[in-house]
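What the coordinates show
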Amino acid sequence: MSEKKRMINGQIYRANDSELRADMKHARVLTRLFNQTTEEQQDYRRELTKSLFAESGSDLYIEPPFRTDYGCQTRIGEHVYMNYDCIIIDVAPVTIGNHVFFGPRVGLYTAGHPTTAQERRDDLEYGKPISIGDDVWIGGNTVVNPGVTIGNNVVIGSGSVVTKDIPDNVIAVGNPCRVLRPIDEAEEAYWAQQKASYFEALANE
């Protein structure tokens, strides 16, 4: 079995394999080109991200600079926004749903390394997938660790380190990240009222 197949299957592998180095170089070239674009080159940015990721929906907007290992193991849904300095280490599959916001310096890290020194010296590593649902907002400087699933309609507070799965419809924060409270009907009613007041004010201007 090739090292690439081992990596994709979530098995122990070595990343210094020639096939994987070529895939990583391809991602490096595309991200370098992307990070050198200007605000007037939105169509070119979309071409580059379509070539970089396994899938990406409409209205994907990434603020440069951006970094990823492979890109080809990342699938991104519709209407996704990533702020500055986001990093996706996708040695295992990364799935990002629809209507997802990332604050600055969000990191999704699927890569893991042995806890024993000799095996790290032997360049062995592995990956575990990360999955993020729909309608998720992840605050700035948040790290999502290997193997984590974040549900739908979730807010992750800035500076969090997400080490375990987060269920649907909650606000979670901290290191390690824990559920702070549910997003309940009262919270939804409050923000619906705020939105109504905003549009009413616009109509009266």
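The structure we're discussing is the one just above.
In short, a report on the structure. (Residues numbered from 1 in each chain as written. Predicted model: local features only at pLDDT ≥ 70, side-chain atom pairs only at ≥ 80, totals over all residues. Heavy atoms only, no water.)

1. Looking at the overall build of the chain
Stated formally: Helix numbers and strand numbers start at the N terminus; a helix is a DSSP run of H or I with at least 4 residues, a strand a run of E with at least 2. The buried label goes to any residue with under 20% of its type's maximum accessible area, the exposed label to any with over 50%, and the partly exposed label to all in between, with areas taken from a 1.4 Å probe on protein chains only. Contact between two residues is taken to exist if any of their heavy atoms lie within 4.5 Å; hydrogens are not considered. For every accessible area listed, the method is Shrake-Rupley and the probe measures 1.4 Å; residues are considered covered only by the protein chains on display. Working convention for charge: Lys and Arg count positive, Asp and Glu count negative, and His plus the chain ends are omitted. We put the charge of a Lys on NZ, of an Arg on CZ, of an Asp on CG and of a Glu on CD.
Each helix and strand counted, the chain has five helices and 20 strands in total. Across its three principal axes, the chain shows a C-alpha extent of roughly 65 × 40 × 25 Å. Looking at the chain as a whole, 37% of its 205 residues are labelled buried. Sequence separation of at least 24 residues holds for 25% of the intrachain contacts in the chain that already meet a minimum separation of 6. Split by element, the accessible area of the chain, about 11400 Å² in all, is 51% carbon and sulfur. Here the chain contributes 21 positive and 29 negative side-chain charges, whose respective centroids are spaced 10 Å apart.

2. Some details on empty space enclosed by the protein
Short version of the rule: Site definitions follow a grid-based scheme: protein atoms alone, a 1 Å grid, a 1.4 Å probe that fits but cannot get out for cavities, and for pockets an open set with protein on both sides within 12 Å along at least five of seven lines, plus lining residues having an atom within 4 Å of a point. Grid points are joined across faces, edges and corners, and a volume is the space filled by probe spheres set on the points.
Considering all chains together, one arrives at one cavity of 30 Å³ or more under this definition. Here the largest cavity is characterised by a volume of approximately 40 Å³. For the largest cavity, the full set of lining residues is Leu30, Phe34, Leu48, Thr49, Leu52, Ile62 and Phe66. Secondary-structure elements contributing two or more residues to the lining of the largest cavity are helix H2 (18-35) and helix H3 (42-52). Sorting elements by how many residues they give to the lining of the largest cavity places H3 first, with three residues.

3. A closer look at the nonpolar core
For clarity, the cut-off: Among buried residues, those of type Ala, Val, Leu, Ile, Met, Phe, Trp, Tyr and Cys that are joined through side-chain atoms within 4.5 Å constitute a nonpolar core.
Ranked by size, the top nonpolar core spans 34 residues in total, and within it Met82, Ile96, Phe102, Leu108, Ile132 and Ile150 carry the most contacts. Considering each element in turn, this core owes the most residues, three residues, to H2.

4. Notes on a nonpolar patch on the surface
The following threshold applies: Patches were defined on residues exceeding 30% relative accessible area and lacking a salt bridge, with like-charge contacts within 9 Å and nonpolar side-chain contacts (Val, Leu, Ile, Met, Phe, Trp, Tyr) within 5 Å. What makes a salt bridge here is a side-chain nitrogen of Lys or Arg within 4 Å of a carboxyl oxygen of Asp or Glu, nothing more.
Taken together, the side chains of Tyr198, Phe199 and Leu202 define a hydrophobic patch exposed on the protein surface, amounting to about 320 Å² of accessible area. On the secondary structure map, Leu202 appears in helix H5 (residues 185-204).

5. Some points on the pairing of strand S7 (residues 86-89)
Look at any regular strand and the pattern is simple: side chains alternate between the two faces of the sheet. Convention followed: For two strands to pair, DSSP has to find at least two bridges joining them.
Note that strand S4 (residues 66-68) and S7 share three bridges and pair parallel. Paired with Phe66 across the strands is Cys86, a residue of S7. Relative to strand S10 (residues 107-109), S7 runs parallel, the two sharing three bridges. Residue pairing in the sheet places Ile89 in a bridge with Tyr109 of S10.

6. Brief notes about the pattern of salt bridges
Enumeration over the complete set of coordinates arrives at six salt bridges. In this structure, Arg46 and Asp43 form a salt bridge, with 2.4 Å as the shortest nitrogen-oxygen distance. Of the two residues, Arg46 and Asp43 both sit in helix H3, three residues apart, roughly one turn of that helix. The partly exposed category is assigned to Arg46, whose relative accessible area is 43%. Take Asp43: its relative accessible area is 52%, and that puts it in the exposed class. Measuring nitrogen to oxygen at the nearest pair gives 3.5 Å for the salt bridge that ties Arg105 to Asp85. Placement of the pair is Arg105 in the loop between strand S9 (100-102) and S10 and Asp85 in the loop between strand S6 (80-82) and S7, with a sequence separation of 20 residues.

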